[in-house]
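Secondary and tertiary structure notes
Okay, here's what each chain looks like letter by letter:
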Amino acid sequence: MQYIEIQSRKSEKVKNYCRLLSTAKARRKERLFCLEGLRLSVDAALSGFTIEQAFVTEAALSKSEKELEPLLSAARFVYKISEEVAEKMADTVTTQGVFCIAKMKEKADAVLEVGERYVALDNVQNPSNLGAIARTAEALGFKGLLLQDGCDIYNPKAQRASMGSLLRLEIRETGDLAALLAAAPKGILTFATVPDSTAEDIRTLDFSGGAVAVIGNEGNGVSAAVLDAVQKKATIPMRGRAESLNAAAAATITMWEMMK
């Protein structure tokens, strides 16, 4: 395989990677995003993403050339970079020397299917929460994620926290989650998780026909419009003096209950 060598940290290719890495605005404009690490980069190639550019160090090639094959064969351009360039591009403390730029998939309409289970995130801002929720959703066999506002799914921290789940899960973004929930097919339970003792105990709900669980913003919870649109409000019983749970923790418990 022919590699194009990049030795300078000032290379335009390197600058472009760093720009896409650092700003959601640039990612949205160009419909491109960055990934770092062998596993995430290879996952993107295996998950059907178009790999525009791959960047690898000599050390990475020597250590993991076989594992890198799906990425290298899928990439339109492959660059062999110096260790200094890898340090410039790295968003992690200890880089593996593997990076790529991938093309975002085309957006698809959000559709709810009877019998399936979904998690809807209403303006969840923390990328670590987004990634952790996606990872749990995939592990438990959820159909997908529904997103309204909140963190960019291509945020590097979100991608790392998801361990590739954000690349593999069905993810649908909507500008009007309330309308989507209000129009849910008959049989699908829609509910919002709230830290309110007067809400229904989540353990008593029936998820057999499929369900959509709404997890709200870390500081403000579920928005008023979405609360009005769901069929039920549910709470996770808590002991002690804690008033609420972290968004990722609440989502994990909720999803576990939904799959029991």
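Below is a short write-up of the structure. (Residues numbered from 1 in each chain as written. Predicted model: local features only at pLDDT ≥ 70, side-chain atom pairs only at ≥ 80, totals over all residues. Heavy atoms only, no water.)

1. With respect to the overall build of the chain
Our working definition: Helix and strand assignments follow DSSP, with helices taken as H or I runs no shorter than four residues and strands as E runs no shorter than two, numbered in order from the N terminus. Relative accessibility under 20% of the residue-type maximum defines a buried residue, over 50% an exposed one, and the middle range a partly exposed one, all with a 1.4 Å probe and only protein chains included. Here, residues are in contact when the closest pair of their heavy atoms is within 4.5 Å. Residue burial considers only the protein chains on display, and all accessible areas are found by Shrake-Rupley using a 1.4 Å probe.
Summing up its helical and strand segments, the chain has eleven helices and twelve strands in all. If you line up the chain on its principal axes, its C-alpha atoms span 60 × 40 × 30 Å. Here the chain holds 260 residues, and 50% of them are scored as buried. Partitioning the contacts of the chain with sequence separation of at least 6, the portion at a separation of at least 24 is 78%. Total accessible area on the chain stands at roughly 13,000 Å², and carbon and sulfur atoms take up 48% of it.

2. With respect to the sheet that holds strand E5 (residues 98-103)
Put simply, the test is: When DSSP finds two or more bridges between a pair of strands, those strands are recorded as paired. To obtain each axis, a line is fitted to C-alpha atoms, and for helices this fit is confined to the stretch in contact; angles are then taken between N-to-C directions over 0 to 180 degrees.
Pairing is mixed in the open sheet, where five strands are placed in the order E1-E4-E3-E5-E2. A strand with exactly one partner marks an edge of an open sheet, and here the two such strands are strand E1 (4-6) and strand E2 (32-36). Each strand axis lies, on average, 20° off the axis of its neighbour in the sheet, ignoring direction. Pairing analysis gives three bridges linking E1 to strand E4 (residues 77-81), with the strands arranged parallel. Residue pairing for E4: Glu5 is matched across the bridge by Lys80. Set on the sheet, helix H1 (residues 12-22) makes contact with E1, E2, strand E3 (51-57), E4 and E5; between it and E2 the angle comes to about 95°. Sheet strands touched by helix H4 (residues 58-74): E3, E4 and E5. Its angle to E3, the strand with the most contacts, is close to 170°.

3. Structural notes on the nonpolar core
Side chains of nonpolar character tend, in soluble globular proteins, to be buried together. The cut-off we apply is this: For this analysis, a nonpolar core means a set of buried residues of the types Ala, Val, Leu, Ile, Met, Phe, Trp, Tyr and Cys, connected via side-chain atoms within 4.5 Å.
Residues Leu130, Leu145 and Phe191 are the most contacted members of the largest nonpolar core, which totals 56 residues. One finds Leu181, Val214, Val222 and Ala229 within the second-largest nonpolar core, a separate group that totals 18 residues.

4. Side note on unusual backbone geometry
In terms of backbone geometry, most residues other than glycine have negative phi values and most peptide bonds are trans. Of note, Arg31 is a non-glycine position whose phi angle comes to about 60°, a positive value. In this fold, Arg31 is placed in the loop between helix H2 (24-30) and E2.

5. Points about the side chain of Thr174
Heads up, the condition is: Each polar contact in these results corresponds to two N or O atoms within 3.5 Å; when the atoms are within protein, one needs to be able to donate a hydrogen and the other to accept it, and residues that are neighboring in sequence are counted only if both atoms are side-chain atoms.
Here Thr174 lies in the loop between strand E8 (170-173) and helix H9 (177-182). Within the local environment of Thr174, its side chain forms a polar contact with the backbone nitrogen of Asp176, the two atoms lying 3.1 Å apart. Contact partners of Thr174, with chain neighbours within four places excluded, come to Leu147, Gln148 and Leu180.

6. Things to note about the environment of Leu20
Summarising the element assignment, Leu20 is placed in helix H1. Each residue touching Leu20, except ones within four places of it in the same chain, is listed here: Ala26, Arg27, Glu30, Leu32, Cys34 and Ile101.

7. Notes on the packing of helix H3 (residues 38-46) against H4
Relative orientation and spacing of two packed helices are given, respectively, by the angle between their axes and the distance between those axes. The line we're drawing: Here the angle decides the label: under 35 degrees means roughly parallel, over 145 means roughly antiparallel, 65 to 115 means roughly perpendicular, and every other value means oblique. Take the far helix as the reference: if the near one is turned anticlockwise from it by less than a right angle, the crossing is left-handed, and if turned clockwise, right-handed. The residue classification treats Ala, Val, Leu, Ile, Met, Phe, Trp, Tyr, Cys and Pro as nonpolar and Asp, Glu, Lys and Arg as charged. All others, Gly included, are polar.
Viewed as axis vectors pointing N to C, H3 and H4 meet at an angle of 40°, and their least axial separation amounts to 8 Å. Classified by the interaxial angle, the pair formed by H3 and H4 is oblique. Crossing of H3 against H4: the hand is left-handed. In this structure, H3 uses Leu38, Ser41, Val42, Ala45 and Leu46 to contact H4, whose residues at the interface are Ser64, Glu67, Leu68, Pro70, Leu71 and Ala74. Here the residues of the contact of H3 with H4 sort into eight nonpolar, two polar and one charged.

8. A closer look at a positive patch on the surface
Rule in force here: Two distance rules govern patches: like charges are joined within 9 Å, and nonpolar side chains (Val, Leu, Ile, Met, Phe, Trp, Tyr) within 5 Å, applied only to residues with over 30% relative accessible area and no salt bridge. Any carboxyl oxygen of Asp or Glu within 4 Å of a side-chain nitrogen of Lys or Arg constitutes a salt bridge here. This count recognises Lys and Arg as positive and Asp and Glu as negative, with His and chain-terminal groups excluded. Throughout, a charge is located at the NZ atom of Lys, the CZ atom of Arg, the CG atom of Asp or the CD atom of Glu.
A grouping of Lys25, Arg28, Lys29 and Lys107 is seen on the molecular surface, where their side chains present a positively charged patch. In this fold, Lys107 is placed in the loop between E5 and strand E6 (117-122). In this structure Lys107 comes out as exposed when scored by relative accessible area, which is 61%.

9. Some thoughts on a nonpolar patch on the surface
The grouping of Met238, Leu245 and Ile253 at the surface amounts to a nonpolar patch, some 220 Å² of accessible area in total. With respect to the helices and strands, the residue Met238 is situated in the loop between strand E12 (232-235) and helix H11 (247-259).

10. Description of the packing of aromatic side chains
The line we're drawing: Here a Phe, Tyr or Trp ring, Trp counted by its six-membered ring, pairs with any other such ring whose centre lies within 6.5 Å, and the pair is stacked when the planes are under 30 degrees apart, edge-to-face when over 60, and tilted otherwise.
In total, this model carries six aromatic pairs according to the counting rule given. An angle of 70° between the planes, with centres 5.8 Å apart, marks the rings of Tyr17 and Phe55 as edge-to-face. Here the residue Tyr17 occupies a position in helix H1, and Phe55 occupies one in strand E3, the gap between them amounting to 38 residues. The burial state of Tyr17 is the same as that of Phe55; both residues are buried.

11. Let's talk about the pattern of salt bridges
Pairing between side chains becomes possible if they bear opposite charge and their charged atoms approach one another. Counted by the stated rule, this structure contains 13 salt bridges. Across the pair Glu58 and Lys80 runs a salt bridge whose closest N-O atoms are separated by 2.9 Å. Taken as a pair, Glu58 in helix H4 and Lys80 in strand E4 lie far apart in primary sequence, 22 residues in all. The class of Glu58 is partly exposed, set by a relative accessible area of 43%. In this structure, Arg160 and Asp91 form a salt bridge, with 3.0 Å as the shortest nitrogen-oxygen distance. With Arg160 in helix H7 (residues 156-162) and Asp91 in the loop between helix H5 (83-89) and E5, the pair connects residues that are 69 residues apart, well separated along the chain. Asp91 sits in the partly exposed class, given a relative accessible area of 34%. It is possible to trace a salt-bridge network through shared partners that takes in Asp43, Glu138 and Arg168.

None of the figures reported here should be taken as evidence of function without further support.
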